[in-house]
Amino acid sequence: LSVSNLHFLYASLSCESLSVGSTLTSFFLVCLSPGEIVVNEVNFVRKCISAESSQDDLWGKLICTNFKVSFIPQDAPPKQKSQLSHLLLGAHDIPLTCLEQVVTVNDTKGKKKVLGSNQKLKFNPTELILYCKDLRIIRFCFDEAGPESAKKVCLAIAHYSHPADLHLLFGFEYQGRRYHESKVNGSTPRGGLQTPIFDRSSDWDREIKRTGASEWRVCSINENYDISPSLPEQIVVPVSLADQDLKLYSSFFTGNRIPLWCWNHPGGSALVRMASISDPLQQKKIEQRVFTAITKSHPQRSDVFRSDLDKCLPNIQDIQSAFVKVRQICVIDPFEESEERWLSSIENTRWLEHVRAFLKHSAEIVYHLDGKNASVILQEEEDRDLNCVVSSLVQLMLDPHYRSLIGFQSLVQKEWVKAGHRFLDRCNHLKKNYKEESPLFILFLDCVWQMMNQYPAAFEFTETYLTVLSDSMWIPLFSTFLFNSPKQRAQHLMDFAKNKAIPPGEDQVVYFPPVWDWSQQFSTKDQTLFNNPMYIGKGAACVQNGEVKTFKRTKKNYSSTLRGTSASMRNGVKGADETLPRRGSLVSELKPDFSPVKDESPSERFFRDWFSRPADQQGLLIPLLIPSHVALWRLFFLRWVPEACIPKGGPVTAYHKLSQLVDEIDILQSQLRQYKGPSPGSMPLPSPGGPLSDQRRMYFKASSPNDPPTPPDFLTSSFPFTPMGNLCRRSIHGTPISKFLNGARIWLSTETLANDTV
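What counts and what doesn't
Residues numbered from 1 in each chain as written. Predicted model: local features only at pLDDT ≥ 70, side-chain atom pairs only at ≥ 80, totals over all residues. Heavy atoms only, no water. pLDDT = per-residue confidence, 0-100. Contact = heavy atoms within 4.5 Å. 1 Å grid on protein atoms, 1.4 Å probe; cavity = no way out; pocket = protein on both sides within 12 Å on 5 of 7 lines; lining within 4 Å. Points joined across faces, edges and corners; volume = space filled by probe spheres on them. Helix = DSSP H or I, 4+ residues; strand = E, 2+ residues; numbered from the N terminus. Phe/Tyr/Trp six-rings, centres within 6.5 Å; stacked < 30°, edge-to-face > 60°. Buried < 20%, exposed > 50% of the residue type's maximum accessible area, 1.4 Å probe, protein only. Lys NZ or Arg CZ within 6 Å of the ring centre and 35° of its normal.

1. Some thoughts on the confidence of the model for the protein
Here the protein averages 83 in pLDDT, and 79% of its residues register 70 or above. Counting contacts from residues 587–593, a segment whose pLDDT is below 50, to residues more than four positions away or on other chains yields 14 contacts.

Next up, the structure:
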């Protein structure tokens, strides 16, 4: 075979580099996962890298499989150190579920069309533009490709990115093959997963014990989802409520969702979430019984406060609208053209306003739980959207356990996955109902990042971890983000097990694992990018008198900073107007000097007192919410934007130096331990060299005297992502479609293009 005959040949034999002689340097290789097949392909495709010039563009083969869109460059560039190396996706791969829109363009005829499933294309495309849910814009040109082949691959991508049913998502084929392969290889139970999944009573019992919720119990009235399909099979309820009463009350709640315990404060107050009561005639009676039971669970029989989130927070349509607008400004619009008013434009999208609103309301709930030692009920009509965000943020502010990596993952599992958040609808994986789509989970991650940005030593994980977690929503290989409810998950996985000949009784976590086993996606080395070098945790190591010891904290006394006067009760519930602070006067209006204010409310005094003291990174955390302290999450929104990429700049430069410092400390501690021998309270740390060096905690290793003083060239503000080839807007000058794309004020939609000739 000559070299020219091999230029556009691909092989699906393995993902390893070939060594067949210098004449085969352009041999193409497509990496196929178990169960993955190629459904269409086209040769001689140009991937656009820059809108201004084509000299950096890549030539290669465009392939559509039943899992992803894959581009294989003719001359593969050297691997960039600045990129995470995904074990299942190459640098030029896009999962089909990550595709927001597939747009075909014919420049010569001035035509364009957004493709859906089973649609016809009446013109031969000269370009394909892929708009991705992770905010990438990928552009391919078919200058030299066969017109029919180009059309077929475009239609295949559109068809396979619009699955007709949930079981057609690639994860069901992939995990079936992976399960049987792992059984042959002999895998460990649950794959060594450390994160609690809350699919068994023991997980809930441990959480009750950990939080000291002695007046709450695990009940199984929802076993086999007999009561509600959207609640977990095990539910934590007050000890004073009998199972038969709960069954009776359930029919009066929306979706039969009886109140669900979330967390207990050391002082005895409980955080509970609840759906609305659908029968107004029974509302007062049911509320009184439920709230009385929650009051009895408190050691001081303290009052119960109810917060109706539907009345005080933006709805899912508002959140979706704001996200579309901020995405437009960050990704679609030319970055340099709106630079002068760019920050104002971001603020006008209301995205940051919504972030502030959720953080502020969560802080208000913290005041009731911690400052007044009162139990709180979060009420939402269906208890599956806003409640997920607020309950998670409240626990994150109050409980340092949830600021560890395992704790945070258990929080998402408990308050989102098991609590029945509609991931399938809100992520719109099947692209069927755009009215139900809303980025609530991304909003939550943004709120978490705001807290990380203000308290960088309080979280064990990094913003890289949060960004990778958001990207994992669009990889349909894990059970975490695929379903609308626990019952839907159980039914689909049961059918899946039958179809794939998986033995009855096998653990679902084994044959269709959640996202929390990161070894499915990243190497051990790349996973160290999740580790925060500044983290001050319970297991932080210190050196005392030459001994490496674990830093232990005395148990914090959560006695309230302030005890408010008892308010009047209505059926055991405080009215919202009696305890909420004056509008606009809480955290967002705190004065820089935190000086006392005349006629200060109890809640304002609570927050002023807290902000006047140094923050305990392992205690209560309350975010500052004045506009200057709530910023755009740049790594998430701007990582693909070349104009916003700062070489050797951004937070990663500090992360790089701190990681090196922590790694050097780890080495010194290890050497000290080897010199003195281990002590009973010592903390196991990796060896500084040899075969265990890959187990070191930090991605960046300790510097040597020969290292240059400046950061490495590959470090940018987008690290560990790269905008190169991942965001290609059309040039401002040129064809009508270029002007159309530049002038579009929203993410391209079928409605926008309805009047265009195709």
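2. Here we look at empty space enclosed by the protein
This structure, assessed with the given rule, holds 3 cavities of 30 Å³ or more. In this model, the largest cavity occupies a volume close to 170 Å³. Forming the boundary of the largest cavity are 18 residues, of which Arg426, Glu437, Pro439, Ile442 and Trp474 lie nearest the centre. At the level of secondary structure, the elements contributing two or more residues to the lining of the largest cavity comprise helix H8 (316–332), helix H13 (423–427) and helix H14 (440–454).

3. Remarks on the packing of aromatic side chains
Under the criterion given, the structure shown has 45 aromatic pairs. Considering the side-chain rings of Trp416 and Phe441, the 5.1 Å spacing of their centres and the 80 degrees angle between planes classify their relative orientation as edge-to-face. Note that Trp416 is positioned in helix H12 (residues 405–417) and Phe441 in helix H14, a separation of 25 residues in sequence. Across the pair, Phe441 and Trp416 agree in class, each one buried. Arranged with centres 5.7 Å apart and planes meeting at 75 degrees, the rings of Tyr465 and Trp518 form a pair that is edge-to-face. Placement of the pair is Tyr465 in helix H15 (residues 463–472) and Trp518 in the loop between helix H17 (508–511) and helix H18 (524–527), with a sequence separation of 53 residues. By the burial criterion, Tyr465 is buried, and Trp518 matches it. Of the aromatic side chains, those joined through ring pairs into one cluster are Phe408, Trp416, Phe423, Phe441, Phe444, Phe459, Phe461, Tyr465, Phe481, Trp518, Phe522 and Phe530. A cation over a ring is seen here: Lys525 above Tyr699, with NZ or CZ 4.3 Å from the ring centre. Sitting above the plane of the Phe721 ring, Arg639 keeps its charged end 4.7 Å from the centroid.

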